[in-house]
Each structure stands twice: as C-alpha cells, then as structure tokens.
Amino acid sequence: STQREAIAIFRKSLSDCTLPPDASTGILEIANAALSVAATSGDMFAVSDVLSLLSESNKKINIESIKHIIQALGQFGDCEAILALLICLRGQSFANDILKERYDFDLLASIPEQTIPVIDGKVYSVAITSCLRHDELGAADQILLSMKKNGLTLNQKSLKEILSEYCRMAMASSKEEYKAARVAKRQGLDESKFGILEPVYITSLARSKAALSILKAVDKPSPMLLSTVAKACCAAGLWQESRSILRRMHRAAIRELRQDSMSVSSNTVNGKFFGELPRLHRYLLKFCAKGGHITPALNFADDIQFLASRVRQHRKPRRGVISIDELEPELMSLSSHLLLDTPTPANIVEADYNDVDSDAFSKVLGRPIGLTGQDWKLILIAAWRGGHWKVCVGTLPFIGPYVKETHPKYALESSSEATRSSSPYPRPSLEKLNRKYEQMANALTAAMLCFESRSQYAWAIRAMDDWIEWSGRRPRKQAVTAACRVLAKRYRGQEVLNLVAKVLSIPAIGVEEASLSTDSSDYTYEKAIYTESINALHQSGLYDEADQLYAEGAANGHLPWAVLVSKNTEQLKLDLHGMSSAVAHSAVRVSLQQEIMRVQPFAPSSGVYSWEKDVIIITGRGRRSGERFRPVIRPEVQRMLTEEFFPPLGTSSIPGNMGALLVPSEDISAWLNNQRQKKGERLLFVADVLRDISSGNRLERALLSSGNRLEQALRKKLENDESQSNDESNEK
C-alpha cells in the first residue's frame, strides 16, 4: 500500500471505539507498519503525520519505531539528521530542535521519559547502514566512534549489513573507475595495448579491503555474502583475494555434496553454495572479460573445472550410458593448455539427437556446475581484449560442442513430430536453438577481432570455416567484416571474395539480423557484408576486388546501382546518395566501365571511341555525414577522378547545385581512348561480349571462358536490364 493508505489505516485504528483500553501495543504495531511503509520511499511527511497522530493519542514509540525513522531519513538522504537523531536520543534538546525545524515532529515528546537516554546497538547499526547506503562514510564513522564510546559492539546481523554496503560501494566505485579508464583510452592517454582497460583502483580498492577486514569478524557468512565480497574484490582488481574466497566456497560446496546423499543420483547438484556458485562464476568471468584480464579469467576457469571434476566423481554412471568423464576432455589446467601452447584436446563429442546416448551429452552441456558455452565466450572476449590470439585458437574447440548443439539440423521439423516422439530428450524447436546460439554468437566476433588486431589471417579463415560448419548459420556481420579486414590488410583480396561468397551462400535463418547496428530497415545482412567488405578492400588499395564485389552486390540487388535512368540522352547521371566513400568509389568506376562497354567505336579502322555524354555525379551535400554539411563522398570522388584516371578527369560544380559534379565528355573520351591503347584486349573482349548480349549462345560461351567475376557480374546486370526493357516494351 502507499504511504497515504497506510496512514489512513492507522488513523482508522485510532478512531475504532471497539478496541479495548489495553490495545496500545497493537496500535503501536500498526504505527510501526505505517512507518515502515514511509521508510521504503523516504516520505518524511508521512513519518511526521504518524508521530503527530501518536502524540494526539498519548502513545509513545519504541526501538522499532526509531529504527524506521532512521531508515526513512537515510532513504531521504539526510544523514546529518540521523546524527542529530542519535544525539537527541541521549536527551539533548538542541538536536530535537533541529528535527522540529526540518521535519516538524517532536522526537523527545514521543519517547517515554524513563527510557531516555536511548542507547541501543540495533539503533546505531541501522544508522550506520543507512549512511553507508548513501556513501556517507564520514557520518558512518562518527556513529561507529559514538558506539565505541558508549561501549556498544556491532552484532552479527549489523556486521553483515555493513559488509554488504561496503561491497556495494566498492562495485559502484569500480564502475566509475572503469568509465574513467575508457575515456582515457579513447583520448589516447592510456598506453596499454589492444583492448585492455587498466583503471586506477583507489576508492574501490580501499572499500574492498575494508570489506575483507569486516568479513574476518563475521561468523559463518552465508554463500550470498561470500559471493558479494568475491565480486567486490574482483571489481577492485584484488584477483588473488577473490580467488581465495571462490576456493573457500568451492570447498564448502564439496562438503555439501558429501553430506547430501540425494545429489549422488540426481541430475543437478543441490545446496546453498551450489545455488550461488553459477551466478558468481559468470560474474567473475564477465568482469575479467570487461577489462581483458585473461590470466585471472583462466585461473577462475581452472577452479571452476576442478569443482566440476569433483562433482563428477560423486555421480554414479548409469548402465548403457557413456560416462561423462569419457565424453569430456581433461580441463583441469586451462591456463597451462591455453597460455603455454599445449595442444587443445580434440575428443569433443558432437551432439546427435538420434543416438540413444544423447542424454549423456545433454548432461555435459546442461550441467549447472562447470564452464558453459557462455563462459567460454567470456574467456574469448577476455582473450580478445588482452590480445592473446593463441588463447582464442585454443579456446574455440572447447566452445565448439555447445555451438554444434544449436545446429538447425537438430530442430523440430514440425510440431506434430514432438507429439509423435517418445524419446525422453526430443528435438528442440528452432526458436529455442536460435536463442541458445545467440548467447554464444559473440564468441566468434571476439576471436575475429583478436585475429585482426594480431594480423592472424590464416587462423581467421580457419575459425570462420569451423564456425560455419558447427553452427550451420551465417556468422554475425561483425565477425565476417573483421575477417575481411584482416585479409585485406594482408592483401588477400581473392580470399575476401571467396569468404563473402561462402557466407552469403548459406541460407538465412533469421538470427544474423540481430547483429546489425543500425535502425535502418533497408540495411540488410547482405548489404552490410558487401558494404563493409568493400570498405576493407578500398582501404588496402585493392580497388579491382572492391569493384567486383560492388558489381556482384548491385547485380544481386543488395547494393544500389549508381546509374540513373534518364530521358536526357546527352547526360549520364550517377547517384551516390547513401553510399560510403569506398562504395561510391567502386560505383563510379564500375558504372563508367559498364557504360563504356556499350559504346561503339567511332572509326573501326582506327578504333577511336566517341563519347558525347557529360557525366553528372550526384554526391550530396553532406547532411548525413559525421560532420554536418561537411561532404565526404565529393572530395573522395574528385580525388579518384584526378589521381586514378589518366589522363585525369576534370570536374566542376553545377551552378545552383553544390551536391553534384560535372565531368565533361571530352575528358571521358580522352580517358577512354587511352584505356583502349593500354588495355585494348580486355576491353575489346568485354565489349564484344556485351554487344552480342542478345545472343544467348555467345553470352554462355563468353561466361564459361571468362574467369573474371567483375565481367560476369556486369554481364548479369546488363542481362537483367535487357530483360526488364523487353518486358516493358511487351507491356506497352
């Protein structure tokens, strides 16, 4: 209920004439309930109303009421008033006057005179906790000193609450320190390599150490409390201390396992520690991945796998089912496997839903203890940010079985199949497999980014091929483009073309669209792959391969064709709106080449071309560029026409239209005849093929004899244009 409703209920109880005269205890409990509701939101007006109603009824408050008032002040954020309240409880009227002035209630009048001074350890503990929740360490320290002067000590419950608050403050401070480290990284102030974040642990370190000292005074801390301290230590960079607490929890979990006889035959492990450990494992690995700390990540993984091996030792193998120890590789020392170049085990079993032993494999992938597919993904992310490409190479085989289990071939073909199936482990739906795959899809992206940063193009191709085989899906766009970039940087242009062709030949399942980082509905997966690949090839100077990709993308309808259909036969218009500078570069080159292929020689004997069209290139004014109204495509096109064409193609602005360039026909003719002289054989061959495009046999022979993908893509584009024009003429 809301605060107003709670006060209304309390007011009604006071006016209830049916209550006996000795019902003051029950009325006080109702008042404390109303104060508790007000404390949850820090409504001091409601607190003042409740105290006023109690004063009008000559009812006094107790220790529980005082605790609720302190919690309300803490929620309201007035820690100074908490200090004044504690002083007021010792009978000091000046502190009572402060509370009257701020919140309009007389605390001394509400307390029984015989109980003053009120010195209670629970009250002081609540006051300390309330101050710590608002990071008021100074006020909390003053209250703690006051407790010591009055001979009070914190009880176990108070220690646990204070410990939890210190851990919360440590993690909150760590978040701010990481933000500062990311800002320094972006500004170039951090000289650490790759994606490693090295925050300066100051506040979080001090608070984590305080939490560790308080933990020593806590008797029998709960699994949740130990987990909180381990997280705080991890957030402050105290890796060894965090690992020590993790091992302490593992030992307690093993003791639980020995005491719980039911866990021997059950599929999952029960117990308080086992219930908390999976969440802690995931958090520790996430934090290592956040900063690129691969060494502590592998150390945590060693401990997790050691616990998993101890759990397996307590399980009874079933008759007719393969033992889990036989299915899994030895994972006891991941740090030695992955950091010391030890060969990765290859005996990782592939899922088979038609096998009678499939439930054994499900135990491996579905167990609550041990590293899961998402955990391996986090290790890969930590390795990527730390620049450890060898760790990525060694970790990918371990995540392989989890990815294989999500292959679409294991999905239900129809809902009726699930009804007919009598297997205890029926095939899952495709939607469920897609969800499981999405949880691990970023693993390949992390590996590819790591290979890119270390120029490991061969491993990038190997990892991409393995992932496609495991998942049966198109990899995420970020992973494919990272592989294209590392290949382009090593001038492996043909391998970029092969990779794009292989990825786009895989049927779309509907998962890869989630990886697109744009809100534009027309920015499809195919368009993203073509665009980013062309960008990578262009940056490495592989213009011919970039032109081939653009021609294929335009021919397949995934990239816009630059040539605009115009009734004006004296002009050729190229529209580059919405293109990146690299795509625009290829669009101009390919479009001019295609139009040149259509040109008949002016004099067959001399072979001189006649070009009578001015070329208008629409570049836009730069409204959607990174810097508003600072065009990006226009200077790139001008540079290309000047530096990459010989003789250079001159450009001029069109009067009244700053978003377009004009290339005179004379420059096109000069460049065209120069190209014929230097590369006459290739241009003549393509021109002959395109002139006879209406002859299907001639086109077929030419396509078979030509291995150039650019020519093939242009032929396909022209063939589509011819068929479209024929259809339009037939309709007319």
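Our subject is the structure that appears above.
Residues numbered from 1 in each chain as written. Predicted model: local features only at pLDDT ≥ 70, side-chain atom pairs only at ≥ 80, totals over all residues. Heavy atoms only, no water.

Enquirer: Any details on the pairing of strand S5 (residues 614-618)? Residues and values, ideally.
Expert: Buried residues dominate S5, accounting for four of its five residues. With five bridges joining them, strand S2 (residues 571-575) and S5 adopt parallel strand pairing. Residue pairing for S5: Leu572 is matched across the bridge by Val615. Of the pairings in the sheet, the one linking S5 to strand S7 (residues 657-663) comprises four bridges and is antiparallel in character. For Ile617, the partnering residue across the bridge sits in S7 and is Leu661. (Buried < 20%, exposed > 50% of the residue type's maximum accessible area, 1.4 Å probe, protein only. Helix = DSSP H or I, 4+ residues; strand = E, 2+ residues; numbered from the N terminus. Pairing = 2+ DSSP bridges.)

Enquirer: I'd like to hear about unusual backbone geometry, residue by residue, with values.
Expert: The linkage connecting Phe646 with the following residue, Pro647, adopts the cis geometry, with an omega of -5°. With a phi angle near 60°, Asp104 is a residue other than glycine that sits in the positive phi range. Counting through the fold element by element, Asp104 comes out in the loop between helix H6 (93-103) and helix H7 (107-110).

Enquirer: Break down the pattern of salt bridges for me, with residues and values.
Expert: Pairs can form between side chains of opposite charge once their charged atoms are near each other. The final tally for this structure, using the stated rule, is 26 salt bridges. Here Arg168 and Glu165 are joined by a salt bridge, their closest N and O atoms 3.0 Å apart. Placement of the pair is Arg168 and Glu165 together in helix H10 (residues 156-186), with a separation of three residues, close to one helical turn. Connected through shared salt-bridge partners, Asp544, Asp547, Arg589, Glu636, Arg639, Glu643 and Glu644 make up one network. (Salt bridge = Lys/Arg side-chain N within 4 Å of Asp/Glu carboxyl O.)

Enquirer: Residues and numbers for the pairing of S2, please.
Expert: Covered by surrounding structure in S2 are Leu572 and Leu574 only, the residues Gln571, Lys573 and Asp575 on the alternate face being uncovered. Examined bridge by bridge, strand S1 (residues 563-564) and S2 share two bridges and lie antiparallel to one another. The residue of S2 that forms the bridge with Leu564 is Lys573. Between S1 and S2, which pair antiparallel and follow one another directly, the connecting turn spans six residues.

Enquirer: How would you sum up the nonpolar core? Please name residues and give values.
Expert: Generally speaking, a soluble globular protein has its nonpolar side chains buried in company with each other. Counting 189 residues, the largest nonpolar core has Leu107, Met448, Phe451, Tyr550, Leu576 and Ile617 as the members making the most contacts within it. Sequence-distant contacts of Leu107, that is, excluding residues within four places in its chain, are made with Ile61, Ile69, Leu85, Cys88, Leu89, Asn96 and Leu99. (Core = buried A, V, L, I, M, F, W, Y, C linked by side-chain atoms within 4.5 Å. Contact = heavy atoms within 4.5 Å.)

Enquirer: Please give an account of helix H3 (residues 44-56) that cites residues and values.
Expert: With 13 residues, H3 extends 18 Å from end C-alpha to end C-alpha; this agrees with the ideal 18 Å at 1.5 Å per step. What H3 keeps buried is the set Met44, Ala46, Val47, Ser48, Val50, Leu51, Leu53 and Leu54. The N-capping residue of H3, defined by a side-chain oxygen 3.2 Å from the backbone nitrogen of Phe45, is Asp43. Immediately beyond the C-terminal end of H3, within one or two residues, lies Asn58, with a positive phi of roughly 60°. (Expected span 1.5 Å × (residues − 1). Polar contact = N/O pair within 3.5 Å; in protein donor to acceptor, adjacent residues only side chain to side chain.)

Enquirer: With reference to specific residues and values, describe the packing of aromatic side chains.
Expert: Inspection of the entire model under this criterion finds ten aromatic pairs. On the basis of an interplanar angle of 65° and a centroid distance of 6.4 Å, the ring pair of Tyr178 and Tyr201 is categorised as edge-to-face. With Tyr178 in helix H10 and Tyr201 in the loop between H10 and helix H11 (203-216), the pair connects residues that are 23 residues apart, well separated along the chain. Consider the rings of Trp467 and Trp470, whose centres lie 6.4 Å apart with planes at 55°: the pair is tilted. Of this pair, Trp467 and Trp470 are both found in helix H24 (residues 457-471), three residues apart, which corresponds to roughly one turn of the helix. Taken individually, Trp467 and Trp470 each receive the classification buried, so the pair is uniform in this respect. (Phe/Tyr/Trp six-rings, centres within 6.5 Å; stacked < 30°, edge-to-face > 60°.)

Enquirer: I'd like a rundown of the sheet that holds S7, residues and numbers included.
Expert: Each strand in a sheet pairs with its neighbour through backbone hydrogen bonds, running either in the same direction (parallel) or in the opposite one (antiparallel). Ordered in space as S1-S2-S5-S7-S6, the five strands form an open sheet in which the pairing is mixed. Each having just a single partner strand, S1 and strand S6 (652-654) make up the two edges of the open sheet. Contacts from helix H30 (residues 633-643) reach S5, S6 and S7, with the element oriented near 15° to S7. (Axes fitted to C-alpha atoms, helices over the stretch in contact; angles between N-to-C directions.)

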